[in-house]
Amino acid sequence: MKVTATTNMFVLGAASGGGVQWGTIIVTIATFAILLLLLKKFAWGPLKEVMDKRERDINKDIDDAEQAKLNAQKLEAQNKQTLKETQEEVHKILEESKIQARKQHEEIIHEANIRANGMIETAQNEINSEKERALADINNQVSELSVLIASKVLQKEISEKDQKELVEKYIKEAGDK
């Protein structure tokens, strides 16, 4: 019941019709003004500074993020360009390698042809020298046959005409071989 009595007293005091109490109003306004000044000095000033700092930090973070985004886009463009250049360079190297391989292939074939031609020429030279040796041997044999014929002719008497015919016959036979 004690709580009820205190509550009644406040309600009855507020309901008393004694008119406007200017002193209470002035004290209340003065107290409110002092409270506002104290709040402004000790609460709103530091609170506003904290809020302003927070706003500046957020704006700075946004600007940094935008700058980072621009840098990332720039790096992406550079990376794409580098990749493109690298791909072009790889393509160029492959083409040069193909050309170099073709050149080496042609050089190898050319060298093989030169060697083959050299071997053919060497073989032909050997054949020619063998042919010349064979002809020389045949000529020697013809000479020996001529001497033999001559000795037989001397043993027999043959006319000069017959002797020429025999020599020409043997030379012709030796030349055909």
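Residues numbered from 1 in each chain as written. Predicted model: local features only at pLDDT ≥ 70, side-chain atom pairs only at ≥ 80, totals over all residues. Heavy atoms only, no water.

For the protein, the name recorded in an unreviewed UniProt entry is ATP synthase subunit b, with Staphylococcus ureilyticus as its organism. What the UniProt record of the protein gives under Sequence similarities (unreviewed entry) is the line "Belongs to the ATPase B chain family." (UniProt positions renumbered as here; feature names shortened; annotations may be inferred.)

Section: the overall build of the protein
Of regular secondary structure, the protein possesses three helices and zero strands. Listing every helix and strand of the protein by position from the N terminus yields α-α-α. Element-wise, carbon and sulfur atoms account for 60% of the exposed surface of the protein, whose accessible area totals about 16300 Å². (Helix = DSSP H or I, 4+ residues; strand = E, 2+ residues; numbered from the N terminus. Areas by Shrake-Rupley, 256 points an atom, 1.4 Å probe, with all protein chains shown as cover.)

Focus on the pattern of salt bridges
Under the defined criterion, the tally for this structure stands at six salt bridges. Lys80 serves as the salt-bridge partner of Glu76, at 3.7 Å between the closest nitrogen and oxygen. Of the two residues, Glu76 and Lys80 both sit in helix H2 (residues 22-155), four residues apart, roughly one turn of that helix. Residue Glu76 is classed as partly exposed on the basis of its relative accessible area, which comes to 43%. (Salt bridge = Lys/Arg side-chain N within 4 Å of Asp/Glu carboxyl O. Buried < 20%, exposed > 50% of the residue type's maximum accessible area, 1.4 Å probe, protein only.)

Description of the UniProt feature "transmembrane region" (unreviewed entry) in the protein
Taking the numbering used here, the UniProt-annotated feature "transmembrane region" (unreviewed entry) corresponds to residues 20-39. Overall, residues 20-39 shows 90% helix and 0% strand. The separation of its end C-alpha atoms is 29 Å.

A look at the UniProt feature "coiled-coil region" (unreviewed entry) in the protein
The UniProt record marks residues 58-85 with the feature "coiled-coil region" (unreviewed entry), using the residue numbering of this structure. Within the segment residues 58-85, helix and strand shares are 100% and 0% respectively, and the terminal C-alpha atoms sit 40 Å apart.

Topic: a nonpolar patch on the surface
Together, Phe32, Leu35, Leu36, Leu39, Trp44, Leu47 and Met51 make up a nonpolar patch on the protein surface, roughly 690 Å² of accessible area in all. Of note, Phe32 is situated in helix H2. (Patch = residues over 30% accessible without salt bridge, like charges linked within 9 Å, V, L, I, M, F, W, Y side chains within 5 Å.)

Considerations on the confidence of the model for the protein
Here the protein shows a mean pLDDT of 84. Residues at 70 or above account for 84%. Taken element by element, the protein is modelled with least confidence in helix H1 (residues 2-15), mean pLDDT 49, and with most confidence in H2, mean pLDDT 90. Across residues 8-13, where pLDDT falls below 50, the model places zero contacts with residues more than four positions away in sequence or in other chains. (pLDDT = per-residue confidence, 0-100. Contact = heavy atoms within 4.5 Å.)

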